Amino acid sequence: MTIGIGLLGLGTVGAGVAQILASPEGRHPLVGALSLRRVAVRDLQRPRPVSLAPEIIGDDPAAVVADPTVDIVVEVMGGLEPARSLILAAIAAGKPVVTANKAVIARHGAEIAAAAAERGVYVLMEAAVGGGIPIIEPLKQSLGANRIERVSGIINGTTNYILSRMAAEGADYAAVLADAQALGYAEADPAADVQGADAADKIAILAGLAYGGLVDRPAIPVEGIDRLQARDIDYAGNLGFVVKLLAVAQRHGSDPDGTEVLDVRVHPTLLPRDHPLAGVNGVNNAILVEGDPVGRVMFYGPGAGAGPTASAVVADILNIAAIRGLGAGALDPLLAAGSWRRCRLVEADRTCHRNYVRFQAADRPGVIGHIGSCFGAEGVSLQSIVQHESEGPGAEIVVVTHAVEEGRFRRALAAITARPEVEAVQACLRTL
Ligand code: NAP
Ligand code: HSE
């Protein structure tokens, strides 16, 4: 028995998938049963790193979906449209779908889930989060008995690669981003990586799996690394922290009607050097899942790139192929899990965390005292307050707070910045 594969996209990930399918030796025996039948690209003239029979490559993705020899549709083209419509067309045709497209799942997951449930077809997405790291299936299945308290992680390879090289080598931001693009880590538009949108798509998917209800993706607070300054990475280092782009989904409480209230967010974060995520460097990702009764489980590995991502895509194909072999056409448990609970995001001013703030202020007696008093008036306890030489006139004052409710912290900041001797808040980062 052979299973026909239709590939939508032959870029970084698509080429990685084609390479695995073309060399089944030494892999799971089912890989040998997969036959690449048809491929769609945008530009037929573009050179490809894999050699495929020219007659299977075209520029009409709808024709791949409709091809009767294609049993499983693999969407690795990216973007929202036409990816969404093609996934829905495959489902309507009763064809299982494997996708690496977190953007489309995070925004149109409910629609896709409903269509797949109605038609009884699988839509698998292991590659959408964490590249080569198995995290979707473990969260769906292996950790299913747990009450999940928190899922936190470094889930964007491009930004972790950039931050790691900036911290280790003092490398230039733009040059390292160009390297990440050349290595195939970055999205077609790297703004999605550096501004945090890619990590937000992924944490929205993980939150949906961990808490059993979809969250409103556009409402997730997101801050990327594009406005991060090298001096804050240095100051954080002096205080014993490393800076990482962290994505977090955690339980905050529940409404009287049982709606789960979640704190879901993405932002650069100061991690104490001994935190398990602090040593995750380069393109590696890590996801820390904290649940009852399992405790802490960490998933670690390469979070982007052709090989790792294709590994996850082909694993999903094998999953479907194995189930087809057993003659099933059942509903994907992920899709069923998409709606077992209502979830909503917590109001921003009720979240609670530590903070790092850098003020630019006049260098005169009493400034540090005034800053301390404003924080004290709002009940914000300080862990440290350090004055640094400023490049220009005045002083830089770096404060690290203990955990505090965001509303109180913001009110204290407003009171501080209203003082004439405080010129500006130059940086404000969260701290674990
Ligand atoms: P990519 O290198 O830009 O490849 C996209 C492919 O899709 C290209 O072959 C492109 O054709 C084709 N394509 C795009 N729009 C098309 C259209 N309208 N019609 C026909 N073909 C079209 O992207 P990628 O890095 O492989 O990423 C693909 C997906 O995987 C994205 O959803 C991404 O978020 C996800 N992902 C990527 C990684 C990674 O490390 N790169 C990891 C995990 C998930 P041309 O080649 O002719 O331009
Ligand atoms: N652009 C993404 C990243 C690809 O850098 O993590 C993997 O999803």
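These figures come from a predicted structure and were not determined experimentally.

Caption draft 1: How the structure looks around the overall build of the chain. From N to C terminus, the chain includes 14 helices and 17 strands. Referenced to the eigenvectors of the C-alpha coordinate spread, the extents of the chain come out at roughly 80 × 50 × 35 Å. Considering the chain as a whole, with its 432 residues, one finds that 54% of them fall into the buried category. Here the contacts in the chain between residues at least 6 apart in sequence split such that 74% fall between residues at least 24 apart. Total accessible area computed for the chain in this model is approximately 17,800 Å², and 52% of it derives from carbon and sulfur atoms. Seen as two clouds, the 37 positive and the 47 negative side-chain charges of the chain have centres 3 Å apart.

Caption draft 2: Geometry of the confidence of the model for the chain. Confidence in the prediction of the chain, expressed as mean pLDDT, is 93, and 96% of residues score 70 or more. Note on residues 325–337: pLDDT under 50 across the span, and 27 contacts to partners over four residues away in sequence or across chains.

Caption draft 3: Region of the structure containing helix 14 (residues 406–417). A rise of 1.5 Å per residue sets the reference length of helix 14, with its twelve residues, at 16 Å; its end C-alpha atoms lie 16 Å apart and thus fit the reference within 8%. For helix 14, the complete set of buried residues consists of E406, G407, F409, A412, L413 and I416. Considering only its buried residues, helix 14 is in contact with strand 13 (352–361), helix 13 (367–377), strand 15 (395–401), strand 16 (404–405) and strand 17 (422–431).

Caption draft 4: Expanded view of the domain arrangement of the chain. Taken domain by domain, the chain holds domain 1 (3–131 + 307–337), domain 2 (136–302) and domain 3 (351–431). With centres defined by C-alpha atoms, the gap from domain 2 to domain 3 works out at 26 Å. Tallying the contact residues gives 16 residues for domain 2 and 18 residues for domain 3. It is R231, Y235 and L270 that lose the most area in domain 2 upon contact with domain 3, and together they represent 36% of the buried surface on that side. E396 is the partner of R231 in a salt bridge, and the nearest nitrogen-oxygen pair spans 3.0 Å. Every element with two or more residues in the side of domain 2 that touches domain 3 is listed here: helix 10 (230–238), strand 8 (241–254) and strand 9 (260–272). Of all the elements, strand 9 adds the most residues to the side of domain 2 that touches domain 3, at six residues.

Caption draft 5: Structural context of the site of ligand 1. Around ligand 1 lies a shell of 25 residues, among which D43, R46, R48, E187 and G305 are the nearest. Contact between ligand 1 and L10: an oxygen atom at 2.8 Å from a main-chain N or O atom of the residue. Contact distances for ligand 1 include 2.6 Å between an oxygen atom and a side-chain N or O atom of E187. Against a free-state accessible area of 900 Å², the protein chains account for coverage of 89% of ligand 1. Per-class residue counts for the shell around ligand 1 are eleven nonpolar, eight polar and six charged.

Caption draft 6: How the structure looks around the pairing of strand 9. With twelve of its 13 residues buried, strand 9 lies for the most part within the structure. Bridging between strand 8 and strand 9 involves 13 bridges; their strand directions are antiparallel. Note on strand 9: the bridge partner recorded for A249 is V264. Where strand 8 folds back on strand 9, the antiparallel hairpin that results is connected by five residues, among which G258 adopts a positive phi of roughly 95°. Pairing of strand 9 with strand 12 (residues 343–345), which is carried by three bridges, proceeds in the parallel orientation. Bridge pairing in strand 12 links E260 to C343. As defined by bridge partners, strand 9 adjoins strand 17 across two bridges and the pair is classed as parallel.

Caption draft 7: Looking closely at the packing of aromatic side chains. Here the structure, examined in full by the defined rule, presents three aromatic pairs. With centroids separated by 5.5 Å and ring planes inclined at 75°, the aromatic side chains of Y161 and Y185 adopt a geometry described as edge-to-face. Remark: Y185 occurs in the loop between helix 7 (173–182) and helix 8 (191–194) and Y161 occurs in helix 6 (residues 157–169); sequence separation between them is 24 residues. Classification of Y161 as buried rests on a relative accessible area of 11%. Centroid distance F375 to F409: 6.2 Å. Interplanar angle 10°. Geometry classified as stacked. With F375 in helix 13 and F409 in helix 14, this pair connects stretches of sequence that are 34 residues apart. Note on accessibility: F375 and F409 belong to one class, buried. Among the aromatic residues, those joined into a ring-pair cluster are F359, F375 and F409.

Caption draft 8: Local environment of the pairing of strand 4 (residues 72–75). The alternating pattern of strand 4 places I72 and V74 on one face and V73 and E75 on the opposite face, and all of these are buried. Here strand 1 (residues 3–8) runs beside strand 4; their pairing, made up of four bridges, is parallel. Bridged to L7 within strand 4 is V74. Judged from the three bridges that link them, strand 4 and strand 5 (residues 97–99) form a sheet pairing that is parallel. If you follow V74 over to strand 5, its bridge partner there is V98. You can see the chain leave strand 4, run along helix 3 (residues 83–92) and come back into strand 5, and the turn it takes is right-handed.

The rules behind these values
Each chain has its residues counted from 1, running along the sequence as written. Both sets of labels track the order of writing: A upward for chains, 1 upward for ligands. The model is predicted, so local features are restricted to residues of pLDDT at least 70 and side-chain atom pairs to those at 80 or more, both for listing and for counting; the totals for chains, interfaces and linings are taken over all residues. Side-chain metrics rest on all non-hydrogen atoms present in the structure, leaving aside hydrogens and water. Numbering of helices and strands runs from the N terminus; a helix is a DSSP stretch of H or I covering at least four residues, while a strand is a stretch of E covering at least two. To sort residues, take the accessible area from a 1.4 Å probe on protein chains only and compare it with the maximum for the residue type: under 20% means buried, over 50% means exposed, and anything in between is partly exposed. Any two residues whose heavy atoms approach within 4.5 Å at even a single point are treated as in contact. Exposure was quantified through the Shrake-Rupley algorithm and a 1.4 Å probe, taking into account, for residues, occlusion by the shown protein chains and nothing else. Charge assignment: positive for Lys and Arg, negative for Asp and Glu; neither His nor the chain ends contribute. Every charge is mapped to an atom, namely NZ of Lys, CZ of Arg, CG of Asp or CD of Glu. The pLDDT score gives, residue by residue, the confidence of the prediction method on a 0 to 100 scale. Expected span of a helix, by definition, is 1.5 Å for each gap between consecutive residues, and there is one gap fewer than residues. Throughout, the edges of the domains are those of an automatic or database domain assignment. Reported buried area values correspond to the accessible surface (1.4 Å probe) lost by two parts on association, with both partners' losses combined. We define a salt bridge as a side-chain nitrogen of Lys or Arg found within 4 Å of a carboxyl oxygen belonging to Asp or Glu. It suffices for a single heavy atom of a residue to lie within 4 Å of a molecule or strand for the residue to be listed as near it. Side-chain atoms alone can form a polar contact between residues adjacent in sequence; in general such a contact is a pair of N or O atoms within 3.5 Å, and within protein one must be able to donate a hydrogen while the other accepts it. Asp, Glu, Lys and Arg are counted as charged, while Ala, Val, Leu, Ile, Met, Phe, Trp, Tyr, Cys and Pro are counted as nonpolar; the rest, among them Gly, fall into the polar class. The pairing criterion is simple: DSSP has to find at least two bridges between the two strands. Aromatic pairing here means that ring centres of Phe, Tyr or Trp (its six-membered ring) are within 6.5 Å. Orientation follows from the plane angle: under 30 degrees is stacked, over 60 is edge-to-face, and everything else is tilted. Here is how to tell: hold the view so the strands point away, follow the path from the first strand over the helix to the second, and if it runs clockwise the crossover is right-handed.

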